[in-house]
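As a plain string of letters, each chain reads:
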Amino acid sequence: MNNKKIWLSSPHMGGNEQKFVNEAFDTNWVAPLGPNVNGLEQDLESYLGQHAAVAALSSGTAAIHLGLVLLGVKAGDVVLCQSMTFSASANPILYQGATPVFIDSESQTWNLCPIALEQAIISEIAKGKKPKAIIAVHLYGVPYQIEAVRAVADAYQIPILEDSAEALGSAYKGQKCGTFGDIGVLSFNGNKIITTSGGGAIVTPTADLKQKAVFYATQSRDEAPHYQHSAIGYNYRMSNICAGIGRGQMEVLDDHVAKRRAMHDFYADFFMAYEGISVFTVPNDDYFANYWLSAIVVDPLLANGLTRETLRLALEAENIESRPLWKPMHLQPIFEKYPYYGGTVSESLFDTGLCMPSGSNLSDADRERISTVLITILEPFF
Ligand SMILES: *Cc1c(COP(=O)(O)O)cnc(C)c1O
């Protein structure tokens, strides 16, 4: 049997990436600005629709950091953050010298629990510090409970930093993810639904705010012939070479979304026959997920003792990559000393959940191999 590695999520070129990169070379726009940067921003703005003014940056992490800067987060401030996420959602809170406070997930979208969120806000206010911002994530491309989270944020007038790093192409009630926060964040890291090799973007509701983001991202240069600075600057702009890859990738974004969604449907069909293994799926038709990663939950009680770790190791032995869900931030050594609100939803998802190979570049032969291997692994348990 062909034993070439099947990856969880690998880069997938397919548009005119090389043409745009060649243009950058031919015109010597080899710098963190240029026509590809502007072009990618325009492509993203028209893709996201109404509210979007987009600045292309060097990473999603940089976008989250700048988002906190734009929201005025300073040393000593409290920032609320979904616990179940990638560490890049939370690290920039520490870059600012602020204090992260972690919130559990609800079990429908696996994202920010609005009830725990409100408890955290009430309790932090009682301790004397009204939180400065809420970081909400669309995990694996499934939108968070947009309306419920917004209602809590508005009731206490706290802005939302929407971490849409995994959710380009997802939508809620027809509106694209990335446009729901007071500020939104996208990532084009190598494993994301489209990639610029490394890169990200900040999505703001106004051209003014976008200009401000670009100002901070290019070393906060004041208007002057010499170098003059009255604010802390960052070197966070996207390179024109990377943006060229991004322009090519924008041509195939919808195709990637369709293919990732087809991977989700493949797993949903496959696991239907296995009690105790469920595929993470949107709660209803208001939600449209790009299903960046297809995730499953294995309940050992219903699955006759099968655990997600048994499954993961058996897949690994066949050179098929899978990975446990994000380990919650409140359980991470670097973050465990910070406050946490909620129950055990995120913790139990971490214990039982597994991300399956989900790339838009997986072939029929790959799917066939995955199902053959799965059937063999699952056979003794069912
Ligand atoms: C990938 C990711 C980021 C960080 O983006 P980079 O471009 O890798 O810096 C942030 N948050 C989440 C949820 C992510 O998945």
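Residues numbered from 1 in each chain as written. Predicted model: local features only at pLDDT ≥ 70, side-chain atom pairs only at ≥ 80, totals over all residues. Heavy atoms only, no water.

Here we look at helix 1 (residues 17-26)
Residues lying three or four places apart along an α-helix face the same way, a consequence of the helix completing one turn every 3.6 residues.
Next up, step 1: Every buried residue of helix 1 is listed here: Glu 17, Phe 20, Val 21 and Ala 24. In a view along the axis of helix 1, the buried residues occupy a sector of 100°, so they form one face of it. Along helix 1, the residues that are exposed and aim more than 90 degrees away from the buried face are Gln 18 and Asp 26.
Next up, step 2: On its buried side, helix 1 packs onto helix 2 (35-48) and helix 8 (240-250).
Next up, step 3: Immediately beyond the C-terminal end of helix 1, within one or two residues, lies Asn 28, with a positive phi of roughly 60°. (Buried < 20%, exposed > 50% of the residue type's maximum accessible area, 1.4 Å probe, protein only. Helix = DSSP H or I, 4+ residues; strand = E, 2+ residues; numbered from the N terminus. Arc of directions from axis to C-beta. Contact = heavy atoms within 4.5 Å.)

Some details on the packing of helix 2 against helix 8
Next up, step 1: Running from N to C, helix 2 and helix 8 cross one another at 35°; their axes reach a closest spacing of 7 Å. For the pair helix 2 and helix 8, the crossing hand works out as left-handed. Here Pro 35, Asn 36, Val 37, Gly 39, Leu 40, Asp 43, Leu 44 and Tyr 47 of helix 2 lie close against helix 8, whose contacting residues are Asn 240, Ala 243, Gly 244, Gly 246, Arg 247 and Met 250. (Axes fitted to C-alpha atoms, helices over the stretch in contact; angles between N-to-C directions. Left-handed = near helix turned anticlockwise from the far one by under 90°.)

Considerations on the layout of surface pockets
Next up, step 1: Quantified by volume, the largest pocket comes out at close to 190 Å³.
Next up, step 2: Surrounding the largest pocket, 18 residues form its lining, Thr 61, Phe 86, Ala 88, Ser 187 and Lys 192 being those nearest its centre.
Next up, step 3: Per element, the largest residue contribution to the lining of the largest pocket is three residues, and it comes from helix 3 (residues 60-70).
Next up, step 4: Of the residues contributing to the lining of the largest pocket, the split by class is five nonpolar, ten polar and three charged. (1 Å grid on protein atoms, 1.4 Å probe; cavity = no way out; pocket = protein on both sides within 12 Å on 5 of 7 lines; lining within 4 Å. Points joined across faces, edges and corners; volume = space filled by probe spheres on them. Nonpolar A, V, L, I, M, F, W, Y, C, P; charged D, E, K, R; others polar.)

What to know about the sheet that holds strand 8 (residues 183-187)
Next up, step 1: With mixed pairing, eight strands are arranged side by side in an open sheet as 1-9-8-5-4-2-3-14. The sheet is open, and its two edges are formed by strand 1 (53-57) and strand 14 (340-341), each paired on a single side.
Next up, step 2: Alignment of strand 4 (residues 133-137) against strand 5 (residues 160-163), held across four bridges, turns out to be parallel. Residue pairing for strand 5: Ile 134 is matched across the bridge by Ile 160. (Pairing = 2+ DSSP bridges.)

Notes on the domain arrangement of the protein
Next up, step 1: Domain annotation of the protein identifies domain 1 (17-252) and domain 2 (254-381).
Next up, step 2: Computed from C-alpha atoms alone, the centre-to-centre distance between domain 1 and domain 2 is 26 Å.
Next up, step 3: Taken together, the 48 residues of domain 1 in the interface contact 39 residues of domain 2.
Next up, step 4: The contact between domain 1 and domain 2 buries some 3,800 Å² in all, and 65% of this surface belongs to carbon and sulfur atoms.
Next up, step 5: Contact with domain 2 buries area across many residues of domain 1, yet Trp 110, Tyr 140 and Ile 193 alone supply 21% of it, more than any other trio.
Next up, step 6: One can count zero salt bridges joining domain 1 with domain 2.
Next up, step 7: Here domain 1 and domain 2 share 26 residue pairs in polar contact (both at pLDDT 80 or more) between them. (Domains from an automatic or database assignment. Buried area = accessible area lost by both parts, 1.4 Å probe. Salt bridge = Lys/Arg side-chain N within 4 Å of Asp/Glu carboxyl O. Polar contact = N/O pair within 3.5 Å; in protein donor to acceptor, adjacent residues only side chain to side chain.)

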